[in-house]
Amino acid sequence: MTGLLSKKGDGMHQKTRGVVLRETNYKEADKILTVLTEAGKCTVKAPGCRRRNSRLAAPAQLLTYSEMTLLDYHDRLRLTEAETLEEFRPIRNDLELLALGSYFAEVTEAVADEGREDEGLLPLLLNSLYALGTLKKPPALVKAAFELRLLCIAGYEPMLEGCSVCGAPAPEDARLQLREGTLRCASCPAEEGSGIALPVSPAALRAMTYIVNADAKRLFSFEADKSVLAQLGDVCEAYLMTQLERGFRTLDFYKGLMAPVL
């Protein structure tokens, strides 16, 4: 049954579509995959996929989106067949884009729970990779939109409607409280222990509001100049790190690639 990963009995084959979030070599020729499917995140063994000419070689690669046949045996999933639907070649051929795509995968894995369906999470990841590789959207724009929209899906949507202190619909010199996910005017007092607040320009705030509310298919259909994208990127990244309370090695690698050469 497409997209259904709950146990149906030993030896039951199931079909689903999913994208590989992580691959780990196992024994001589196998891999253990973390896959985001239509029914949530799952761990899958891909036997023999590292052998030459294996029909599972391509589907078992990071960021590959495939239709998979899984064997559910004693509560363990085994990849028996797979048809590659999208390899995102433009991303694989560009080290910086591959690093950013790997960051998207690591963040998605951190947010998704094993076996729990997260409506919108798989389409967000796929659309983000498509925007990077095929649509050639600015990486900074895609990164910020991915981070903020993913947080919304995960239950951390910021409240951007107005100042949380005085109620002004358009906060003056707005600040985003990273821990609370609320806006306030720069002149309004923050609550004791509220932590870091970052400035958000009117243009960056409009972009954030668009990302939060946009139809999924038009998520990346906005424009912003470099200065706005820079602030938007700083705010969305900091908000994600604060809400998830962790860093990401793939992000460190990506930022290292993007650092200017002195």
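Before any of the text, the structure's been laid out above.
Scoring rules and cut-offs
- Residues numbered from 1 in each chain as written.
- Predicted model: local features only at pLDDT ≥ 70, side-chain atom pairs only at ≥ 80, totals over all residues.
- Heavy atoms only, no water.
- Helix = DSSP H or I, 4+ residues; strand = E, 2+ residues; numbered from the N terminus.
- Rg over C-alpha atoms; globule rule 2.2 N^0.38 Å.
- Areas by Shrake-Rupley, 256 points an atom, 1.4 Å probe, with all protein chains shown as cover.
- Lys, Arg positive; Asp, Glu negative; His and termini not counted.
- Charge placed at Lys NZ, Arg CZ, Asp CG, Glu CD.
- Pairing = 2+ DSSP bridges.
- Axes fitted to C-alpha atoms, helices over the stretch in contact; angles between N-to-C directions.
- Contact = heavy atoms within 4.5 Å.
- Parallel < 35°, antiparallel > 145°, perpendicular 65-115°, else oblique.
- Nonpolar A, V, L, I, M, F, W, Y, C, P; charged D, E, K, R; others polar.
- Core = buried A, V, L, I, M, F, W, Y, C linked by side-chain atoms within 4.5 Å.
- Buried < 20%, exposed > 50% of the residue type's maximum accessible area, 1.4 Å probe, protein only.
- 1 Å grid on protein atoms, 1.4 Å probe; cavity = no way out; pocket = protein on both sides within 12 Å on 5 of 7 lines; lining within 4 Å.
- Points joined across faces, edges and corners; volume = space filled by probe spheres on them.
- Expected span 1.5 Å × (residues − 1).

Caption draft 1: Examining the overall build of the protein chain more closely. For the protein chain, the helix and strand inventory stands at seven helices and nine strands. Taking 18 Å as the expected radius of gyration for a compact globule of 262 residues, we find that the protein chain reaches 20 Å, a close match to that expectation. For the protein chain, the spread of C-alpha atoms along the principal axes amounts to about 65 × 45 × 30 Å. Counting every atom, the protein chain has about 13600 Å² of accessible surface; 49% of that belongs to carbon and sulfur. Of the charged side chains in the protein chain, 32 are positive and 36 negative; the average position of the first set lies 7 Å away from that of the second.

Caption draft 2: Focus on the sheet that holds strand 4 (residues 65–73). As summarised here, the arrangement of the five strands in space is 1-2-3-5-4, forming a closed barrel in which the pairing is mixed. Neighbour-to-neighbour, the strand axes of the sheet open up by a mean angle of 50 degrees, direction not taken into account. With nine bridges joining them, strand 4 and strand 5 (residues 76–86) adopt antiparallel strand pairing. By the bridge assignment for strand 5, Y73 is matched with R76. Packed on one face of the sheet, helix 3 (residues 121–133) meets strand 1 (12–26), strand 2 (30–37) and strand 4 and runs near 55 degrees to strand 1.

Caption draft 3: Representation of the packing of helix 3 against helix 4 (residues 139–153) within the structure. The contact between helix 3 and helix 4 brings their axes to 10 Å, and the two run at 175 degrees. Judged by the inter-axis angle, helix 3 sits roughly antiparallel to helix 4. Residues L121, L124, L125, S128, A131 and L132 of helix 3 pack against P139, V142, F146, R149, L150 and I153 of helix 4. A per-class count over the contact of helix 3 with helix 4 returns 10 nonpolar, one polar and one charged.

Caption draft 4: Structural detail: the nonpolar core. In this structure, F104, L176 and L232 are the most contacted members of the largest nonpolar core, which totals 61 residues. Only strand 1, helix 2 (95–111), helix 3, helix 4, helix 5 (202–213), helix 6 (226–244) and helix 7 (249–258) provide two or more residues apiece to this core. Apart from residues lying up to four places away in sequence, L176 is in contact with L160, G181, T182, L183, I196, A197, L198, V200, M208, V235 and Y239.

Caption draft 5: Expanded view of the layout of surface pockets. If you add up the space inside the second largest pocket, you get close to 340 Å³. Looking at the second largest pocket, it is lined by 13 residues, and the ones nearest its centre are A140, K143, L229, G233 and Y254. For the lining of the second largest pocket, the secondary structure elements donating two or more residues are helix 4, helix 6 and helix 7. Element by element, the count of residues in the lining of the second largest pocket is highest for helix 6, at six residues. Looking at the lining of the second largest pocket, its residues break down into seven nonpolar, one polar and five charged.

Caption draft 6: Looking closely at the sheet that holds strand 8 (residues 182–184). Spatially, 6-8-7-9 is the arrangement adopted by the four strands of the open sheet, whose pairing is mixed. Bordering the open sheet on either side are strand 6 (159–163) and strand 9 (197–199), each of which pairs with just one other strand. Here the strands of the sheet are splayed against their neighbours by 30 degrees on average, with no regard to which way each runs. Of the strands in this sheet, strand 6, strand 7 (175–177) and strand 8 touch helix 5, which is tilted by about 140 degrees from strand 6. Against the sheet, helix 6 contacts strand 7 and strand 9, and its axis sits at roughly 165 degrees relative to strand 9.

Caption draft 7: Geometry of the side chain of E237. Considering the arrangement of structural elements, one finds E237 in helix 6. In this structure E237 touches K143, E147, L251 and K255, once residues within four positions along its chain are discounted.

Caption draft 8: The arrangement of helix 6 in detail. Taking 1.5 Å per residue as the helical rise, helix 6 with its 19 residues ought to reach 27 Å, and the 27 Å between its terminal C-alpha atoms agrees with that figure. For helix 6, every residue scored as buried is listed here: V228, L229, L232, G233, V235, C236, E237, A238, Y239, L240, Q243 and L244. Residues of helix 6 that are buried make contact with helix 2, helix 4, strand 7, strand 9, helix 5 and helix 7. One or two steps after helix 6, the chain reaches E245, where phi turns positive at roughly 55 degrees.

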